[in-house]
Amino acid sequence: MGNGDTFKKGSVELILLTLLREKDMYGYEMSQAISDRSGGRITMSEGSLYVTLYRMIKEATITDRREIVGKRMRIYYSIEPSGIEKLEKLREEYERMATGIQEFLKTSDDIVDAKK
């Protein structure tokens, strides 16, 4: 897995853990919240959403529980203390990466402007 894959994986976990820190949610609800809150800029297929959720359950950063809502069975996901710790680390990594990318782009723009 390359760094880009790790960054993407970490971004998905960052987003899901952020949502679950706010409240327990079920999969479709998370998918909708991601799209709505990003203004449609971030969409997540159910496949990648559930693969990540299952991995996080295995890592014990989240747990799941089944609830009957009307005639449907819903699986709600909850963040665990270890998930909060992981979220804090992921936020720090994201902020460091985003700042690094912004600085890189600014430096590149400065170099290009100097050539003009």
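For the structure itself, look to the data block above.
Residues numbered from 1 in each chain as written. Predicted model: local features only at pLDDT ≥ 70, side-chain atom pairs only at ≥ 80, totals over all residues. Heavy atoms only, no water.

Engineer: What exactly am I supposed to notice about the overall build of the protein chain here?
Structural biologist: The number of helices and strands found in the protein chain is four helices and three strands. Helices and strands appear in the protein chain in the N-to-C order α-β-α-α-β-β-α. Taken over the C-alpha trace, the protein chain has a radius of gyration of 18 Å; the compact-globule value for 116 residues is 13 Å, which it surpasses by more than 25%. The principal-axis extents of the C-alpha atoms in the protein chain amount to approximately 65 × 30 × 25 Å. Here the protein chain, with 116 residues, has 28% of them falling under the buried criterion. Sequence separation of at least 24 residues holds for 49% of the intrachain contacts in the protein chain that already meet a minimum separation of 6. In the protein chain, 20 positive and 20 negative side-chain charges are present, and the distance between their average locations comes to 4 Å. (Helix = DSSP H or I, 4+ residues; strand = E, 2+ residues; numbered from the N terminus. Rg over C-alpha atoms; globule rule 2.2 N^0.38 Å. Buried < 20%, exposed > 50% of the residue type's maximum accessible area, 1.4 Å probe, protein only. Contact = heavy atoms within 4.5 Å. Lys, Arg positive; Asp, Glu negative; His and termini not counted. Charge placed at Lys NZ, Arg CZ, Asp CG, Glu CD.)

Engineer: Please clarify how the sheet that holds strand 2 (residues 62-69) should be interpreted in this entry.
Structural biologist: Paired through backbone hydrogen bonds, the strands of a sheet run either parallel or antiparallel to each other. A sheet is described by the order of its strands in space; here three strands give the open sequence 1-3-2, paired in antiparallel fashion. The two strands at the open ends of the sheet, each matched to only one other strand, are strand 1 (25-26) and strand 2. Here eight bridges tie strand 2 to strand 3 (residues 72-79), and the two strands are oriented antiparallel to one another. Bridge pairing in strand 3 links Asp64 to Tyr77. (Pairing = 2+ DSSP bridges.)

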